[in-house]
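# Descriptive analysis of the structure
So you can see what is in the structure, the chains are spelled out below.
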Amino acid sequence: MTPPAHPSFLAHLHPQQVTVRALGVSATWVAGLVALVLLVVLAVTGILLSLHYIPSAAGAHASVTTLTYAVPFGAPLRRVHRLASELLLVTTCLHLVRTVLVASAYERRVSYWVGLALGLVVLLGAWTGYILPWDETAFWGARVSSQLAGQLPLVGEAVCRLLFGARDVGPASVSRVHALHTTLVPMSLLVLSVAHLWRVRRDGGLAASGSRELVDTRPHLLTRELFVALVVLIVLLSSALLVPSTVGPAADLHRGANPEKAPWYFLGLQEMVSYGAPTGGLVYLGSFSLLLISVPWIAHWRQRAWRTPLLVLLGILALGLAWFTLLGALRGVDWLLPWPLAGVARGA
């Protein structure tokens with residue numbers, strides 16, 4: 001198929017022809033497409049949820065309770081939105097792993113860095129959404145998150161004030177988190193997603209997957225994309241109907257939870273910080289982040305002599321983070337571990 005002389009805007013984001021190899025699951029892991037579908041689901045469900053949400057410490061929990069138990073289809077809607085948010089986190093991580101494994105970060109530096117920024121915004125969106133119900137779990141999760149953010153050198157207090165409107169979590173935090181969740185996060189996701197797609201297309205996209213044999217996007221790629229989107233929607237809707245969406249008790253600012261835990265995606269960091277803030281929060285996480293950012297700059301990335309040690313180091317750091325996340329998830333009352341892990345250091 002001959003490309004039009006004046007392609008539309010969508011033609012810059014979606015290829016008109018792709019290689020035969022790119023049609024297979026192994027070429028891309030379908031992670032990017034799944035992430036895009038989840039973003040659309042989050043946008044639609046988020047708009048519907050915002051019609052019932054009251055962004056204040058006094059009204060947040062009551063409005064979410066009403067939405068869950070009184071509004072028709074309110075509970076499944078919440079479930080779909082939350083599950084889509086958490087699946088987007090997982091999909092983004094898989095997309096990053098695939099990018100590093102196939103060494104495309106070296107060839108497409110700008111799109112790789114835009115993708116990293118996009119991943120951070122996805123994380124911010126999941127975290128702010130976790131706080132909005134303002135039940136007991138959300139409040140104490142916010143408290144732990146503020147303590148973790150406060151450990152950042154030089155900028156800790158500034159980050160806390162940006163996220164919570166104060167040095168610590170309080171009634172004003174709900175409106176601040178709501179503003180971030182409904183304005184900054186969606187705008188950033190839109191801009192970065194378009195920039196990422198455009199940059200990937202400019203670098204060759206699915207038409208540069210190592211094969212010279214090209215086929216038309218319609219129907220070869222389009223039918224596959226529609227099938228993946230349908231599968232994602234079926235998974236989300238099935239989960240929403242089978243697993244009930246609940247709301248915990250209202251936050252009690254004067255009685256702490258035992259144990260106080262961050263959201264699951266921050267549990268690894270919380271566990272590391274419990275052994276020592278400088279080592280857990282700064283050295284480990286800082287090293288991991290800097291290594292990910294510097295992947296495209298590492299000399300001779302294409303050469304196996306450099307590639308293998310880098311992959312091993314990234315793998316060790318990722319497995320370490322997964323181990324600490326597991327430990328954090330298993331912590332019980334008084335931050336104690338169950339048998340047979342009871343001998344593991346308790347932390348601070």
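Scroll up for the structure.
Residues numbered from 1 in each chain as written. Predicted model: local features only at pLDDT ≥ 70, side-chain atom pairs only at ≥ 80, totals over all residues. Heavy atoms only, no water.

Bringing a nonpolar patch on the surface into the picture now. Where nonpolar side chains cluster on the molecular surface, the patch consists of Trp29, Val90, Leu94, Val97, Leu101, Val102 and Trp264 and spans about 600 Å² of accessible area. Here Leu101 is to be found in helix α5 (residues 74-101). Assessed through its relative accessible area of 36%, Leu101 is described here as partly exposed. (Patch = residues over 30% accessible without salt bridge, like charges linked within 9 Å, V, L, I, M, F, W, Y side chains within 5 Å. Areas by Shrake-Rupley, 256 points an atom, 1.4 Å probe, with all protein chains shown as cover. Salt bridge = Lys/Arg side-chain N within 4 Å of Asp/Glu carboxyl O. Helix = DSSP H or I, 4+ residues; strand = E, 2+ residues; numbered from the N terminus. Buried < 20%, exposed > 50% of the residue type's maximum accessible area, 1.4 Å probe, protein only.)

Another point: the environment of Leu226. For Leu226, the location among the structural elements is in helix α11 (residues 217-242). Residues Leu226 and Val37, spaced 189 residues apart in sequence, show a C-alpha to C-alpha distance of 9.8 Å.

Look at helix α3 (residues 31-50): 28 Å from first C-alpha to last across 20 residues, which is about the 28 Å you get at 1.5 Å a residue. Regarding α3, the residues found buried are Ala31, Val34, Ala35, Val37, Leu38, Leu39, Val41, Leu42, Thr45 and Leu49. (Expected span 1.5 Å × (residues − 1).)

Glancing now at the environment of Arg167. For Arg167, the position within the fold is in the loop between α9 (156-164) and α10 (173-202). Residues Arg167 and Gly150 lie 17 residues apart in sequence; the distance between their C-alpha atoms is 8.2 Å. Setting aside anything within four residues of it in sequence, one finds Arg167 in contact with Ser146, Gly150, Glu157, Cys160 and Arg161. (Contact = heavy atoms within 4.5 Å.)

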